[in-house]
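Close look at the chain arrangement
Chain by chain, the residues:
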Amino acid sequence: MAGPQDLKALADRAVAEIAMCADDAALEAARVRYLGRKDSEVTRATKQIASLPTKDKPAYGAAVNEAKARIESALQSRSAALHGASIDSSLRERVDLTLPPRPVRIGRLHPVTATIRDVSRIFGTMGFETIEGPEIETDYYNFEALNIPPGHPAREKWDTLWVSNPLGDDPKVPLLGRTHTSPMQVRVMEKRKPPIRVVIPGRCYRYEATDAIHESILHQYEGLAIDEKLTMADLKGVLYSFARQIFGSKSNVRFRPDYFPFTEPSAEIAFSCVICEGKDPQCHTCGGDGWIEAAGCGMVHPDVLRRVGYDPDRYQGFAFGGGIERLAMVMSGTPDIRLFAQNDLRFLESF
Ligand code: PHE
């Protein structure tokens, strides 16, 4: 005698078969076979109800309804799938899948970041550790600890951007966008004991009328070495090696006496022009004289050492500081420093 389990087997078979239908015609044939009004499998099962004992009728009837519902939903979802698939294949005829894809735009390092990494890597080969420091500084670290007291004319050279103190304007703690990375010389010496060899890349701020070689936001790299027997010769050796590693073996370095309040003696560093090699009187990079002034340097001033508690009779050292954009401009022949901050992809992608 027929029972609910026969209807479950029937629905299982129908659902499996429907899932295999490859087109609308096959689907329609399956619908007629299972659900058609005249002589379908479900109709035949329904007719059996009459011959069942009364107590079995409700369970059997429910099984019939459930089988019907399962088959109907299988028909519907198969039809939807076939329809979607046919849209896919008609699209495929119109879209040329053999066309090469559009190029993927891969990002790259900003030239300033790339130059900072070059600088860190090169000084790293000479034992210098790269560290960073605060961009907002106190008057003390930016000026006073570097022998630049209030009223000192050297303050004029660094057109300072003062910032208001978020903790309330305490006149004892004037804050500024650091005008150079040199305050980190002092911060490092306060925290560490010699021997010290560090390089500090970072952003600096100056109140500038901007032009092709001046920007109010710029990046510098600062170097500091402190030990017991360091001389100007060590400073020169390190900077020669730096120039050759960054500009190539032909490059040269020129030292000329200069003045900085926090180094004594002090020198200005110029790198030989790698663009024209001194041969083009019209050269945009060096202005025609074959040299590019790129950094300041000197032996750390004994007063600076004393202020952080070092004995100048025992420890000496050298410091140097130069512009990152300057280096990037020379290496790439970029004529205008303002391009670095303009976010123009045509410029950035040329690197
Ligand atoms: N901080 C100086 C400047 O910005 C450069 C410098 C660094 C000079 C270290 C001497 C020693 O011009």
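Our subject in this report is the structure included herewith. Just so you know, these numbers come straight off a predicted model, no measurement behind them. (Residues numbered from 1 in each chain as written. Predicted model: local features only at pLDDT ≥ 70, side-chain atom pairs only at ≥ 80, totals over all residues. Heavy atoms only, no water.)

**Quick notes on the overall build of the protein**
Formally: Under the scheme used here, helices are H or I runs from DSSP no shorter than 4 residues and strands are E runs no shorter than 2 residues, and both carry numbers assigned from the N terminus. Using a 1.4 Å probe, the Shrake-Rupley method yields the accessible areas, and only the shown protein chains count as cover for residues.
Within the protein one finds twelve helices and ten strands. Expressed as lengths along the three principal axes of its C-alpha atoms, the size of the protein is roughly 115 × 50 × 40 Å. Counting every atom, the protein has about 19,800 Å² of accessible surface; 54% of that belongs to carbon and sulfur.

**Things to note about the sheet that holds strand S1 (residues 129-130)**
For clarity, the threshold we go by: Two strands pair under a simple rule: DSSP has to find at least two bridges between them.
The strand order across the open sheet built from seven strands is S1-S5-S6-S10-S9-S8-S7, with neighbouring strands paired in mixed fashion. Strands at the two margins of the open sheet, each flanked by one partner only, are S1 and strand S7 (253-260). Relative to strand S10 (residues 316-323), strand S9 (residues 291-300) runs antiparallel, the two being bridged by five bridges. Counterpart to Gly298 in the pairing with S10 is Ala319.

**Quick notes on the packing of helix H9 (residues 232-247) against helix H11 (residues 324-332)**
Note the cut-off: Axes here refer to lines fitted to C-alpha atoms; in helices the fit is confined to the stretch in contact. Angles between the N-to-C directions go from 0 to 180 degrees. Roughly parallel here means an angle under 35 degrees, roughly antiparallel means over 145, roughly perpendicular means 65 to 115, and every remaining angle is called oblique. Any pair of residues with heavy atoms lying within 4.5 Å of one another is described as a contacting pair. Under the scheme applied, nonpolar residues are Ala, Val, Leu, Ile, Met, Phe, Trp, Tyr, Cys and Pro; charged residues are Asp, Glu, Lys and Arg; polar residues are all the others, including Gly.
For the pair H9 and H11, the least separation of the axes is 11 Å and the interaxial angle reads 45°. The orientation of H9 with respect to H11, classified from their angle, is oblique. For the pair formed by H9 and H11, the contact residues are Phe242, Ile246 and Phe247 on the first element and Leu327, Val330 and Met331 on the second. Tallied by class, the residues present in the contact of H9 with H11 amount to six nonpolar, no polar and no charged.

**Some remarks on the pairing of S10**
Heads up, the rule is: Exposure classes here rest on a 1.4 Å probe applied to the protein chains alone. A residue is buried below 20% of its type maximum, exposed above 50%, and partly exposed in between.
Within S10, seven of the eight residues are buried, leaving the element largely enclosed by the surrounding structure. Both strand S6 (residues 217-227) and S10 contribute to a ladder of eight bridges, which runs antiparallel. Its bridge partner being in S10, Ala225 is matched across the sheet by Phe318.

**What to know about the nonpolar core**
Across soluble globular proteins, nonpolar side chains have a tendency to be buried as a group. The following threshold applies: Take the buried residues of types Ala, Val, Leu, Ile, Met, Phe, Trp, Tyr and Cys, join any two whose side-chain atoms come within 4.5 Å, and each joined set is a nonpolar core.
If you look at the biggest cluster of nonpolar residues, it comprises 43 residues, and the most contacted ones within it are Phe123, Tyr221, Phe242, Phe271 and Phe320. With seven residues, the top contributor of residues to this core is H9. By size, the runner-up hydrophobic cluster in this structure holds 27 residues, among which are Met184, Val186, Phe260 and Val308.

**Digging into helix H5 (residues 111-125)**
Put simply, the rule reads: A helix is expected to reach a length of 1.5 Å times the quantity of its residues less one.
Between the first and last C-alpha of H5 there are 21 Å, a value that for 15 residues agrees with the 21 Å anticipated at 1.5 Å per step. Within H5, the full set of buried residues consists of Pro111, Val112, Thr115, Ile116, Val119, Ser120, Ile122 and Phe123. Following H5 by one or two positions, Gly127 adopts a phi angle in the positive range, close to 90°.

**What to know about the site of the ligand**
To keep things clear, this is the line we draw: Definition of nearness: a residue and a molecule or strand are near each other if at least one heavy atom of the residue lies within 4 Å of the molecule or strand. In the analysis that follows, any N or O atom pair within 3.5 Å is treated as a polar contact, provided that within protein one partner can donate a hydrogen and the other can accept it, and provided that, for residues neighboring in sequence, both atoms belong to side chains.
Taken together, 15 residues are adjacent to the ligand, and His180, Ser182, Arg206, Gln220 and Glu222 come closest. In the environment of the ligand, a nitrogen atom lies 2.9 Å from a nitrogen or oxygen atom belonging to the side chain of His180. Interatomic distance of 2.8 Å between a side-chain N/O atom of Ser182 and a nitrogen atom of the ligand. Burial of the ligand by the surrounding chains reaches 93%, relative to a free accessible area of 330 Å². At the level of secondary structure, the elements contributing two or more residues to the shell around the ligand comprise S6, S9 and S10. No other element matches S10, which puts three residues into the shell around the ligand. Counted by class, the shell around the ligand contains six nonpolar, seven polar and two charged residues.

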